[in-house]
Amino acid sequence: MVESDVFAGLNACQILDRLVAGQGFDPGENKSHRNQCGATKHDFGTLGVALDPKQGLSEFAQANAAVRSTSVNGRDALQADIPTGGCAIAVEVGEHARALVLATLVTGPRDPQACVDAHSLAEKLEPLLPKVQ
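What you are looking at is a predicted structure, and each value in this text was computed from that prediction instead of being measured.

Enquirer: Help me understand the environment of Val 132 in this model?
Expert: If you trace the backbone, Val 132 turns up in the segment after helix H3 (113–125). The spatial distance from the C-alpha of Val 132 to the C-alpha of Val 93 is 6.2 Å, given a sequence separation of 39 residues. Not counting the four nearest positions on each side in its chain, Val 132 is found in contact with Val 6, Val 93 and Gly 94.

Enquirer: Help me understand the pattern of salt bridges, please; the structure alone is not making it clear to me.
Expert: If charged atoms from side chains of opposite charge come close, those side chains can pair. Applying the stated criterion across every chain yields a total of four salt bridges. A salt bridge links Asp 52 to Arg 98, with the nearest nitrogen and oxygen atoms 3.8 Å apart. Of this pair, Asp 52 sits in strand S2 (residues 45–52) while Arg 98 is found in strand S6 (residues 97–105), placing the two residues 46 residues apart along the sequence. Look at Asp 52 and you get buried, because its relative accessible area is 10%. With a shortest N-O distance of 2.8 Å, Arg 75 and Glu 126 are connected by a salt bridge. With Arg 75 in strand S4 (residues 75–81) and Glu 126 in the segment after H3, this pair connects stretches of sequence that are 51 residues apart. Glu 126 shares its class with Arg 75; the two are buried. Overlapping salt bridges, with partners in common, bring together Arg 75, Glu 126 and Lys 131 in one network.

Enquirer: I'm lost on the side chain of Arg 75 in this one. Help?
Expert: The class of Arg 75 is buried, set by a relative accessible area of 11%. At 2.8 Å, the side chain of Arg 75 forms a polar contact with the side chain of Glu 126. Beyond its immediate stretch of four places on either side in the chain, Arg 75 contacts Thr 70, Val 91, Glu 92, Val 93, Glu 126, Leu 129, Pro 130 and Lys 131.

Enquirer: Quick question: what am I supposed to make of the nonpolar core here?
Expert: If you look at soluble globular proteins, the nonpolar side chains tend to sit buried side by side. Membership of the largest hydrophobic core comes to 31 residues, with the highest contact counts inside it found for Leu 51, Ile 89, Leu 125 and Leu 129. Listed by contribution, the elements that provide at least two residues to this core are helix H1 (12–19), strand S1 (36–41), S2, strand S5 (87–94), S6 and H3. In terms of nonpolar packing, the next biggest core, distinct from the first, is built from nine residues, Leu 57, Leu 78, Ala 80 and Ala 88 among them.

Enquirer: How should the state of the cysteines be read in this particular structure?
Expert: Tallied over the full model, the rule gives two disulfides. Residue Cys 87 pairs covalently with Cys 115 via a disulfide, S to S 2.1 Å. Linking Cys 87 and Cys 115, the disulfide has an S-S dihedral of approximately 95 degrees and is accordingly described as right-handed. Here Cys 115 lies in helix H3 and Cys 87 lies in strand S5, a separation of 28 residues in the sequence. On the basis of relative accessibility, which here comes to 0%, the residue Cys 87 falls in the buried class. If the cysteines joined by disulfides in the chain are listed in sequence order, their pairing comes out as 1-2, 3-4.

Basis of the calculations
- Residues numbered from 1 in each chain as written.
- Predicted model: local features only at pLDDT ≥ 70, side-chain atom pairs only at ≥ 80, totals over all residues.
- Heavy atoms only, no water.
- Helix = DSSP H or I, 4+ residues; strand = E, 2+ residues; numbered from the N terminus.
- Contact = heavy atoms within 4.5 Å.
- Salt bridge = Lys/Arg side-chain N within 4 Å of Asp/Glu carboxyl O.
- Buried < 20%, exposed > 50% of the residue type's maximum accessible area, 1.4 Å probe, protein only.
- Polar contact = N/O pair within 3.5 Å; in protein donor to acceptor, adjacent residues only side chain to side chain.
- Core = buried A, V, L, I, M, F, W, Y, C linked by side-chain atoms within 4.5 Å.
- Disulfide = S-S within 2.5 Å.

Have a look at this one:
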């Protein structure tokens, strides 16, 4: 049995561009074969969205140190610092699917505002995500 992609038809760059429209970000860029996208703003940093149909929250927890549980609009989520600086929030879409929101700020690798910004973007993204039973 082939698992279907819960994100079929959703494009991370189109979604990210819509979420940051009018905020001064460059158009989102996908730099890999995966459904992920990053948008940069000169004096701010980078916001990113990745739609992963194969890995859920458990894989995120295994891959990151000091993961903290959180919630995004009622969905289970995990938050972790990005080793190179910034913050990542993984929002559960299914047991083996997640949406990842990333924020990296130009102010430095330890700026707590990165997690505030990542959580804010995750809250805007969540209603656009598929509901999986």
